[in-house]
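Read off the chains here:
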There are 2 protein chains.
Amino acid sequence: GKLYVGYNVGVKWFFALLIGIGTGLAAVFINISVENFAGWKFSLTFNIIQKSYVAGFLIYILINLALVFSSVYIITQFAPAAAGSGIPEIKGYLNGIDIPGILLFRTLIGKIFGSIGSVGGGLALGKEGPLVHIGACIASLLGQGGSTKYHLSSRWLQGFKSERDRRDLVTCGCAAGVAAAFRAPVGGVLFALEEVTSWWRSQLMWRVFFTSAIVAVVVRAAMGWCKSGNCGHFGSGGFIIWDISDGQEDYSFEELLPMAVIGIIGGLLGALFNQLTIYITRWRRNYLHKKGNRVKFYCSKDKEYNDLATIFFNTQDDAIRNLFSAKTIHEFSAQSLLTFLVMFYTLAVVTFGTAVPAGQFVPGIMIGSTYGRLVGIFTVNHYKKLNIEEGTYALLGAASFLGGSMRMTVSLCVIMVEITNNLKLLPLIMLVLLISKVCILLVYSIWIDVLQNVLTLFPSQAVGDAFNEGLYEEQARLRGIPLLESRPKYEMRKMTAREACGNQKVLSLPRVVKVADVVSILRSNKHNGFPVIDHTRNGETLVIGLMLRSHLLVLLQSKIDFQHSPLPCDPRGRSQAIRHNFSEFAKPVSSKGISINDIHLSSDDLEMYIDLAPFLNPSPYIVPEDMSLTKVYNIFRQLGLRHIFVVPRASRVIGVITRKDLLIEEEIEDSAITELQSTSV
Amino acid sequence: GKLYVGYNVGVKWFFALLIGIGTGLAAVFINISVENFAGWKFSLTFNIIQKSYVAGFLIYILINLALVFSSVYIITQFAPAAAGSGIPEIKGYLNGIDIPGILLFRTLIGKIFGSIGSVGGGLALGKEGPLVHIGACIASLLGQGGSTKYHLSSRWLQGFKSERDRRDLVTCGCAAGVAAAFRAPVGGVLFALEEVTSWWRSQLMWRVFFTSAIVAVVVRAAMGWCKSGNCGHFGSGGFIIWDISDGQEDYSFEELLPMAVIGIIGGLLGALFNQLTIYITRWRRNYLHKKGNRVKFYCSKDKEYNDLATIFFNTQDDAIRNLFSAKTIHEFSAQSLLTFLVMFYTLAVVTFGTAVPAGQFVPGIMIGSTYGRLVGIFTVNHYKKLNIEEGTYALLGAASFLGGSMRMTVSLCVIMVEITNNLKLLPLIMLVLLISKVCILLVYSIWIDVLQNVLTLFPSQAVGDAFNEGLYEEQARLRGIPLLESRPKYEMRKMTAREACGNQKVLSLPRVVKVADVVSILRSNKHNGFPVIDHTRNGETLVIGLMLRSHLLVLLQSKIDFQHSPLPCDPRGRSQAIRHNFSEFAKPVSSKGISINDIHLSSDDLEMYIDLAPFLNPSPYIVPEDMSLTKVYNIFRQLGLRHIFVVPRASRVIGVITRKDLLIEEEIEDSAITELQSTSV
């Protein structure tokens, strides 16, 4: 009772602590490695360039190519699931979809080293998305007690067998990833809340919060340790913090116009970015035959032109720091910024979706802050007398582009504020985000016809999707992850639950079922759950529960529940389950599970029977056949279900549960306590 | 179709805009009024005190008494629902409980003027909670198209008849209230998310966010206008912003110990505060016979002692500003702080729950920052060499006390950061909040027995509740608002849905029902919903839907659907509903609705029949009888239901809906669009 609950709560918090520490350390490791690689690269190139310009340039290209290809090698050969940002996959997992391989130990390792390679190699991508995936992997591995494949599992950690507990852990991991990537603990909590989870329970908030706080402490401690020179010559941080707290303090109302312009540009460029990445991804998929995708490795590092070098040659972090910088009016010329914008935008589009761990956050900030600064230059020229900082406009540009492409709201705001350390700009960031959102909506609703006509040159189906959906949803769609959107489709209002099932044949199992039948049913379809039907004494049928495919497979594999007689062996039916360790039924998150083809049964076995009663879920969720599909959708999504049974209208109502029935419990309990107290006095 | 959806979305956003503007203006009005009252009070007292000390003192007391009593008069005579902070009631409303009167126009007016009186009169309470209530009132009134009672309604605004739309609006209103009270737009969104709503849809986030941003802009514009001297002599702002961005930049690890101490003190004092307010409220209720509660008006303004005056005589905002102030080591002596702490704590406990609009936020900050500063003094004395600011400790103290009493996490963090404008302290605030939370949990779980033995002197039932629940939950409990907690009770795991219904008699209605039967059923019980049962041709019964009491009352009142024959009049059954304007069935949120006793029916009427088919909800939510009560609880709370039917196990399964069935829709739609496009080319 109480003790078990207490133990359970304790384990959960302990895991949250471990996730925080693990993710924090992973982030520190990646940052230090990237910093050190960048440092070595720079010093080597610098030494050689003294002697020969061409040799230096070649060495620079070679190092970068080596880094990038090592990353590609790791991903393609070792951990294919670690490609991309990983956020769409995690989103899918938390939305209720089991994507094989995304939470494996090897994915974790691949992600860490792949990120180091690709970011260290100077590609137009960031390490933030991958860190979210890393946090989720750590959480999931902890939740299943380590990696079984690599014999790193530990028995006493295997506390979490329920899907919900695991999802909670993964949610904590996501928050930890964001908190570590941006050093933005509150932003992490909000990101997990807004962008990743499909449903949310307020109990979880505390734990997510705790994890984020732990990450903040770990990262800070590690950076303090690095400051004393223990992290190699160049590893002095590398976390993105662009402190612009000395920047613009206030804004005047005339400035709202250029800021609105930034919002509009952000909305358009962001939506266009999403659209272009769709085309690119489809093109790759269609013409490159799903292989390699090594198109982009020729473009990213052969520029060493003019004064653009301050942007191009720095690490992305430093480039952004320059773009955001206050008190530096006319540091950049409009031409340089425009050139950079066009080139980097193209690069970012092309780099997107390649076979390396790739975050879209930092590239987004780069693009956004470039055009923001451009608008800032014009604003400063136009309103000469005002105290305007170009850096402020760069920040707003970054916010608008991220808003336009990722569509996060509150978490984006908080992250932007946390990384720039300037709270005064918060209302402006909010406004710019809103304008970019409204702009997208307007374009989507008014110009959709025009766009569709213009863009019929391109594959048509994708038009508009990109305008309506965020980057992550789209990536998920492209990867075939069936995310349930938060809003049911309008068409569902007129449909009933029965219509949604269509004329599908329901495959149900009897309570005591022949093994041969089970095998043939499992072979004949890919359903994951089957209703179990029993007969009452007066011959009526009765739905007694839901049997999962995975549990059937476990039963078939273990064979210990096979029986000779076709009769229910035990009327109470519960004692049998003891033969099984409960954990047998819990599929490890990171493995693909067993398949029916892996199970070998003798012909004797096939003639035996199984009584399913002890193993089924006796109270699956049900909806009446004529419930509106919108309602069904909401139940499904809000409760995170995998199956709902559609049943005929009931013949009678046994009772009506109202709020009071759910509260009466409490009073009973209270009065029980009161009684106990009064007797103990 | 699309056009209607577009119109609907447009109206929603327009309402969000109006809520933002309205709440912002209300906040500005209250602030300017309070500031001006405080100014007049001060200048008058100052003038008189030049001549006679006693007269000045008396005048000061009289003005305060006049202000406070005017507030009490407004509340008791005009708008009783406006007493207290209003947050528990709003929480209850959004949790699904209809509390009469809380969202009336008169409550709004009472809240605004009551707040001005009580805060202007110098009571130990704040205007933040009331502002949340004000925002919610504005939202609700807008949602029902104005106040019908005061003939301020407008037809074209009556777009929102569904409960959900209204709740969404009220959620926006809450966020607007917090955003206006603290000038913390992001904090407002999070507060609405974390503390107020029971369920949350991500579509809502954007609108809440928009509302908050509008509030920020309105408040800023108003303050800009005030700076040019248009708001009376003293009305130069009054919004709580305690800018401590010049404060401590960094922390050293030695400081974590005193900060942990602050967290512990905060947890204990906060929980104790909750506990004490419970006793006070019960005592008042038992001994003061629910009237007046004017106990406290003798204590709040007769101190004009020593150097404490800098805290006591200032407005609370200025006092806090002093307590938080950096670079002012040893401004306060430990004795003064201790005296103030004890007195203000007592005052705050006593003032709590009286008949004036009362916010607990600012008093909480006052108490917390006092002991925080106390700890800060000791820390500064102990670690002499470090760069430590007492103001930082005051801030952490405030966070810890609020965490201990209100239990908000993320929103509290963000609000504290937004009002103090110092992001660097965020991890520390998080840590302190967590420690205070853990401290409460430990005390609750380990010492609960001891506490129960010691505290049996007091009414026993409340012990522990206070340790486990936040201030608002508790207030709600004390006011008899049956909030469903986010976590089902442990005992529910072993119960089934059928057991929760107990042996209650289900009162069901036939499809065509005699008016006399309806009247007697409605008189005999207080149920709000009734199952409707019909017979099929082969004599079986069939549950065809849920009929709400309120809809039955509308039918009885209008009488136009009465018919003479006991037969269903129309097999399709839908044409009848046209006789009714849909809005007739939508009960205004702010009124108490009609009662069965208000309806007068002749004996002829009683002999007639009603066909309920067109008016019932044809697909109510159902659960099978043996579903675990925990599951039922989650369905109930997550979907925000009011009724669930418990039905027998189904005899067969018509279909199984899985994720794929809910996604197929989309593909159908997509292919339809594709077809359209290909034909239009």
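To start, this report covers the structure provided alongside it. (Residues numbered from 1 in each chain as written. Chains lettered and ligands numbered in written order. Predicted model: local features only at pLDDT ≥ 70, side-chain atom pairs only at ≥ 80, totals over all residues. Heavy atoms only, no water.)

## Description of the sheet that holds strand β5 (residues 562–563) of chain A
Reading across the sheet, the 3 strands line up as β2-β6-β5 (chain A) and stay open at both edges, with antiparallel pairing between neighbours. This sheet does not close on itself; its edge strands, each paired only once, are β2 (512–514) and β5 of chain A. (Pairing = 2+ DSSP bridges. Helix = DSSP H or I, 4+ residues; strand = E, 2+ residues; numbered from the N terminus.)

## Structural notes on the side chain of Asp611(B)
With respect to the helices and strands, Asp611(B) occurs in strand β5 (residues 609–611). Within the local environment of Asp611(B), its side chain forms a polar contact with the backbone nitrogen of Ala613(B), the two atoms lying 3.1 Å apart. (Polar contact = N/O pair within 3.5 Å; in protein donor to acceptor, adjacent residues only side chain to side chain.)

## Side note on helix α4 (residues 105–120) of chain B
Residues and elements named next belong to chain B. Between the first and last C-alpha of α4 there are 22 Å, a value that for 16 residues agrees with the 22 Å anticipated at 1.5 Å per step. Taken across its 16 residues, α4 has 12 buried, putting it largely inside the fold. Looking one or two places after α4, you find glycine 122, whose phi comes out positive at around 80 degrees. (Expected span 1.5 Å × (residues − 1). Buried < 20%, exposed > 50% of the residue type's maximum accessible area, 1.4 Å probe, protein only.)

## A short note on the packing of helix α13 (residues 361–382) of chain B against helix α14 (residues 390–406) of chain B
All names here are of chain B. Remark: α13 packs on α14, axes separated minimally by 6 Å, with the N-to-C direction vectors making an angle of 135 degrees. Between α13 and α14, the crossing angle belongs to the class labelled oblique. Crossing of α13 over α14 shows right-handed handedness. Grouping the amino acids of the contact of α13 with α14 by side-chain chemistry returns 13 nonpolar, 9 polar and 2 charged. (Axes fitted to C-alpha atoms, helices over the stretch in contact; angles between N-to-C directions. Parallel < 35°, antiparallel > 145°, perpendicular 65-115°, else oblique. Left-handed = near helix turned anticlockwise from the far one by under 90°. Nonpolar A, V, L, I, M, F, W, Y, C, P; charged D, E, K, R; others polar.)

## Structural notes on the pattern of salt bridges
Residue and element names in this part refer to chain A. Evaluation of the coordinates by the stated rule reveals 8 salt bridges over all chains. A salt bridge links arginine 649 to aspartate 626; the shortest N-O distance between them is 2.2 Å. Separated by 23 residues along the polypeptide, arginine 649 in the loop between β8 (644–647) and β9 (655–657) and aspartate 626 in the loop between β7 (622–624) and α24 (629–638) bring together distant segments of the chain. (Salt bridge = Lys/Arg side-chain N within 4 Å of Asp/Glu carboxyl O.)

## Here's the deal with unusual backbone geometry
A negative phi angle is the norm for most residues apart from glycine, just as the trans form is the norm for most peptide bonds. With a phi close to 50 degrees, Arg183(A) is a non-glycine residue in the positive phi region. By the element assignment, Arg183(A) lies in the loop between α6 (163–182) and α7 (185–196).

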